[in-house]
Amino acid sequence: PQVISVATGLAQGHYVSGRTIEPAPDLFVGAVENPFAPPIPYRVDRAKIKSQAGARFLQLQIGYQPDRLEAFVAGCVENGVTQKTGLLPTLVFVKRAGALRFMDREVPGISVPAAVIDRVANAKDEAEEAYQHTLEQARHALSLPGVAGLHLTDFRHDGSLGRLVDELGVRDGVAQQDAS
């Protein structure tokens, strides 16, 4: 929060000392948060502190527990975080269950449920099943009031990102509304 506050002050045109910066640097200040790691109840409080310090967006950690994402987003809406700070859940494109296992075992703060790993591992086409799971995650995240967008990480490099954008109906950074 202290770094966010300093960066916000710089963007507003003043040093920590109060001295003016002319011209003020053009900064878009954000931060990270992990709604999936313990202590779960404290994560919304941390998000609020970061928002109050001036974070205009929170890039959320990769997560595979939709119920935790829902609870975190709802808490942020309830506590006013989303009135000035956008929430950006992170989704990752992988091709195989091995990548999910690696994240689960080796990446601090990421837990991939066995059911998700098994779903991909037992599919006839692991890459397609992994893509479908990511598409489901994207639709779920974007359905939550308070989510401003997505942070996408592409380890596949096979056109899946463009495919997701098309399937979500996203054009020029804005999801298209169904005309019916």
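It should be noted that the structure appears before, not after, this text.
Residues numbered from 1 in each chain as written. Predicted model: local features only at pLDDT ≥ 70, side-chain atom pairs only at ≥ 80, totals over all residues. Heavy atoms only, no water.

Enquirer: Outline the side chain of Glu33, supporting the account with residue identities and numerical values.
Expert: Here Glu33 is to be found in strand 1 (residues 30-33). A distance of 2.9 Å separates a polar atom in the side chain of Glu33 from a polar atom in the side chain of Arg43. In this structure the side chain of Glu33 is engaged in a polar contact, spanning 3.1 Å, whose partner is the side chain of Lys50. If sequence neighbours within four positions are ignored, Glu33 has contacts with Arg43, Arg46, Ala47, Lys50, Gln59, Leu60, Gln61 and Phe72. (Helix = DSSP H or I, 4+ residues; strand = E, 2+ residues; numbered from the N terminus. Polar contact = N/O pair within 3.5 Å; in protein donor to acceptor, adjacent residues only side chain to side chain. Contact = heavy atoms within 4.5 Å.)

Enquirer: Could you give an account of the sheet that holds strand 2 (residues 57-62), naming the residues involved and the relevant values?
Expert: Within the open sheet, the 4 strands sit side by side as 1-2-3-4. Their pairing is parallel. The open sheet has two free edges, formed respectively by strand 1 and strand 4 (151-154), since each of these has just one partner strand. When the angles between neighbouring strand axes are averaged without regard to direction, this sheet yields 25°. The pairing of strand 3 (residues 86-93) with strand 4 spans 4 bridges and is classified as parallel. (Pairing = 2+ DSSP bridges. Axes fitted to C-alpha atoms, helices over the stretch in contact; angles between N-to-C directions.)

Enquirer: Describe the packing of helix 6 (residues 126-143) against helix 7 (residues 160-168), with residues and values.
Expert: At a minimum axis separation of 11 Å, helix 6 and helix 7 run at an interaxial angle of 45°. One element, helix 6, and the other, helix 7, form an angle in the oblique class. Where helix 6 crosses over helix 7, the handedness of that crossing is right-handed. Here Glu128, Tyr131, Gln132, Thr134, Leu135, Ala138, Arg139 and Leu142 of helix 6 come into contact with helix 7, specifically with Ser160, Arg163, Leu164, Glu167 and Leu168. Of the residues contributing to the contact of helix 6 with helix 7, the split by class is 6 nonpolar, 3 polar and 4 charged. (Parallel < 35°, antiparallel > 145°, perpendicular 65-115°, else oblique. Left-handed = near helix turned anticlockwise from the far one by under 90°. Nonpolar A, V, L, I, M, F, W, Y, C, P; charged D, E, K, R; others polar.)

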